[in-house]
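What follows is the residue order along each chain.
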Amino acid sequence: MQKHRSSESATSVLRPTTPPDIGPQTQRQRIVDAIVESCAEKTYAATTITDIVARARISRTTFYKQFDDKRACFDAAVDYCLEELRRVAAEAHSPSDSPAEASRKAATAVVVALTERPGFAQLLTGDAIAVDPKAIERYRKATIPALEALWSNNGGAPDTHTDPRLAFGQVQVLILNQIATGKADRLPELLPEIVYLAVSPFAGHEEAINQSRFVKEFELSGAAER
Amino acid sequence: MIDNSEDLRKWRLPRGRHGLPRELVERSQRERLLAAVVRVTVANGYESTTVGDILGEAGVGRESFYELFDDKLDCTLAAHKILLDNLEEQVREAYTGSDAWPERMRKGLEATLSWFAADPDIARFTLVELSTVGPAFRSIFQTEYARFTQLLNDGIGNDGPSPELTGAAELAVGATLACIYEEVVLDRAAELPRLLPDLTYDLLVPFVGEEVAREEQRRAAG
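Residues numbered from 1 in each chain as written. Chains lettered and ligands numbered in written order. Predicted model: local features only at pLDDT ≥ 70, side-chain atom pairs only at ≥ 80, totals over all residues.

Colleague: So what's going on with the overall build of chain A? Residues and values would help.
Modeller: Along chain A, the regular secondary structure elements total ten helices and zero strands. For chain A, the α and β elements follow one another from N to C terminus as α-α-α-α-α-α-α-α-α-α. Here the analysis covers contacts within chain A between residues at least 6 apart in sequence; of these, 68% occur between residues at least 24 apart. (Helix = DSSP H or I, 4+ residues; strand = E, 2+ residues; numbered from the N terminus. Contact = placed C-beta atoms within 7 Å.)

See below:
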């Protein structure tokens with residue numbers, strides 16, 4: 001299972017570098033970073049509190065001041081990952097973009113962010129499901145309304161061609177497989193399909209293919225170089 | 001090695017060791033253990049299941065167990081593989097034939113939904129519990145996903161479409177998996193066949209566009 005270890009980039013982004021004299025908020029973040037890292041390396045099931053405190057370089061007492069147990073810590077990590085991705089997606093597009101363009105840009109930005117922080121991708125697609133099979137509902141709440149909002153006029157629900165909930169599940173399966181295959185660093189390869197899935201529920205096949213083609217031609221090489 | 005033709009899904013183990021149908025008693029110990037691990041895992045969850053639980057359900061001794069399997073994981077994965085071999089066989093049969101490709105695709109999907117609907121415990125075991133076995137999950141997932149993507153691609157043949165989207169087959173397997181997973185988690189596996197028309201449409205669109213997909217969706221509903 002060596003190949004599934006989190007890549008260097010995850011380590012460099014997530015490795016705590018703060019000095020030992022730190023406040024509770026930073027401690028909490030260090031613990032969250034540590035559980036993300038540990039789950040990426042050996043899955044949630046195999047992660048122990050000992051692993052987490054060792055990685056975060058804090059004491060067990062400090063851990064239990066912040067979290068009741070491993071599960072509570074994990075839930076906080078899921079929320080953190082989702083919030084980071086939501087921010088990345090929101091910042092990726094501007095009001096002048098068409099809904100299809102905005103969807104494409106948001107999806108692209110999220111995939112790039114997941115490539116830079118593969119621990120997030122592994123946590124969200126692999127472990128979260130194992131810990132709580134209904135976790136997918138949490139993700140959908142974080143993503144589908146945001147995509148819908150891009151398409152809705154006057155706050156009404158947008159037309160749907162295919163089921164956006166299903167599209168979301170498909171994205172998750174694609175990413176999970178890429179990670180299981182040891183290609184977490186090559187998530188951008190999935191961009192044509194992920195962009196297609198982000199657009200097709202609301203705009204249909206033709207527009208989705210257009211956006212997918214665009215990302216293939218103009219953004220894929222750029223994303224891979226980053 | 002176990003014969004692939006055996007069918008774990010038909011097995012219903014009674015709770016105690018009494019009153020077992022004669023036929024079941026005569027099955028090999030290995031088969032009984034494989035059926036037991038499915039039932040026990042679904043009842044208790046993988047993590048809480050012990051080898052002792054499996055032995056109790058199967059009515060097999062500890063020594064025999066360790067002659068056949070390394071540990072609980074080994075036994076679980078062996079049962080998983082047999083079940084998915086059976087699923088693949090059923091899907092392949094439905095998907096192969098002389099019908100036009102969209103129709104074969106719909107039949108393959110229909111076979112998949114029926115397979116999972118036929119036994120919600122098996123469905124839960126193969127999909128939900130698998131993700132909790134730890135690091136082995138990733139490699140099993142990868143293998144099984146690849147085998148069904150391959151099956152789909154192999155069956156496209158000469159009369160099938162050449163979709164503009166490279167990963168259309170991955171999308172189709174992903175959609176099926178995501179949909180079934182959700183229904184199983186929500187204890188609605190038995191109702192899966194009702195989703196056939198809509199799912200047929202969603203699966204076909206990336207391959208053949210909206211018009212042909214709509215046509216096949218109507219057939220699935222009728």
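Colleague: Go over the overall build of chain B, please, and point to the residues and values.
Modeller: When helices and strands are counted, chain B shows ten helices and zero strands. Listing each helix as α and each strand as β along chain B from the N terminus yields α-α-α-α-α-α-α-α-α-α. Within chain B, the fraction of its 222 residues that count as buried is 42%. Long-range pairs, those at least 24 residues apart, make up 68% of the contacts in chain B between residues at least 6 apart in sequence. (Buried ≥ 20, exposed ≤ 12 C-beta atoms within 10 Å, placed from the backbone.)

Colleague: Could you give an account of the nonpolar core, with specific residues and numbers?
Modeller: One finds Ile31(A), Ile35(A), Leu123(A) and Ile194(A) to be the most contacted residues of the largest nonpolar core, which totals 127 residues. Take this core: its biggest share by element is 13 residues, from helix H9 (residues 168-185) of chain B. (Core = buried A, V, L, I, M, F, W, Y, C linked by C-beta atoms within 7 Å.)

Colleague: Residues and numbers for the interface of chain B and chain A, please.
Modeller: Taken together, the 29 residues of chain B in the interface contact 30 residues of chain A. Counting only elements with at least two residues in the side of chain B that touches chain A, the list comes to helix H8 (136-154), H9 and helix H10 (196-221) of chain B. Looking at which element gives the most residues to the side of chain B that touches chain A, the answer is H9(B), with nine residues. Considering only residue class, the side of chain B that touches chain A consists of 13 nonpolar, nine polar and seven charged. (Nonpolar A, V, L, I, M, F, W, Y, C, P; charged D, E, K, R; others polar.)

Colleague: Explain the confidence of the model for chain A residue by residue, including any values.
Modeller: Per-residue confidence for chain A gives a mean pLDDT of 85, with 85% of residues at or over 70. Note that pLDDT drops below 50 for residues 1-14 of chain A; the model gives that stretch 26 contacts with residues more than four away or on any other chain. (pLDDT = per-residue confidence, 0-100.)

Colleague: Run through the packing of helix H2 (residues 29-44) of chain B against helix H3 (residues 51-58) of chain B, naming residues and quoting values.
Modeller: For any two helices packed against each other, one specifies the crossing angle of their axes together with the interaxial distance. Residues and elements named next belong to chain B. Two numbers describe how H2 lies on H3: the axes approach to 8 Å, and their chain directions differ by 120°. Classed by the angle they form, the pair H2 and H3 counts as oblique. Handedness of the H2/H3 crossing: right-handed. Each of Arg 32, Leu 33, Ala 36, Val 37, Arg 39, Val 40 and Asn 44 in H2 lies in contact with H3, whose residues at this interface are Asp 53, Ile 54, Glu 57 and Ala 58. Taken together, the residues that form the contact of H2 with H3 break down as six nonpolar, one polar and four charged. (Axes fitted to C-alpha atoms, helices over the stretch in contact; angles between N-to-C directions. Parallel < 35°, antiparallel > 145°, perpendicular 65-115°, else oblique. Left-handed = near helix turned anticlockwise from the far one by under 90°.)

Colleague: Please set out the environment of Asp198(B) residue by residue, giving values where relevant.
Modeller: All names here are of chain B. Mapped onto the fold, Asp 198 is located in helix H10. Exposure remark for Asp 198: the 16 C-beta atoms within 10 Å place this residue in the partly exposed category. It is 20 Å that separates the C-alpha atoms of Asp 198 and Phe 148, two residues lying 50 residues apart in sequence.

Colleague: Tell me about the domain arrangement of chain B, and name the residues and values.
Modeller: Residue and element names in this part refer to chain B. Domain assignment breaks chain B into domain 1 (8-72) and domain 2 (80-221). Relative placement of domain 1 and domain 2: their C-alpha centres are 29 Å apart. Classifying every residue of the side of domain 1 that touches domain 2 by side-chain character gives five nonpolar, one polar and three charged. (Domains from an automatic or database assignment.)

Colleague: Give a description of the packing of helix H9 (residues 164-180) of chain A against H8(B) that names residues and reports values.
Modeller: In contact at an axis separation of 9 Å, H9(A) and H8(B) are set at 115° when each is read in the N-to-C sense. The chirality of how H9(A) crosses H8(B) is left-handed. Of the residues in H8(B), those in contact with Leu176(A), Asn177(A) and Ala180(A) of H9(A) are Arg138(B), Ser139(B), Phe141(B), Gln142(B) and Tyr145(B). For the contact of H9(A) with H8(B), the per-class residue count stands at four nonpolar, three polar and one charged.

Colleague: Account for unusual backbone geometry, with residues named and values stated.
Modeller: Phi at Thr43(A) takes a positive value of approximately 70°, unusual for a residue other than glycine. Assignment of secondary structure puts Thr43(A) in helix H2 (residues 24-46). Positive phi is not limited to glycine here, since Asp187(B) has a value of about 60°. With respect to the helices, strands and loops of the structure, Asp187(B) is situated in the loop between H9 and H10.

Colleague: Break down H2(B) for me, citing the residues and quoting the values.
Modeller: All names here are of chain B. Here H2 spans 22 Å end to end across 16 residues, near enough to the 22 Å set by a 1.5 Å rise per residue. When we look at burial in H2, the residues that qualify are Arg 30, Arg 32, Leu 33, Leu 34, Ala 35, Ala 36, Val 37, Val 38, Arg 39, Val 40 and Thr 41. Where the residues of H2 are buried, they touch H3, helix H4 (62-68), helix H5 (72-95) and helix H7 (120-128). Looking one or two residues beyond H2, the residue adopting positive phi is Gly 45, at roughly 85°. (Expected span 1.5 Å × (residues − 1).)

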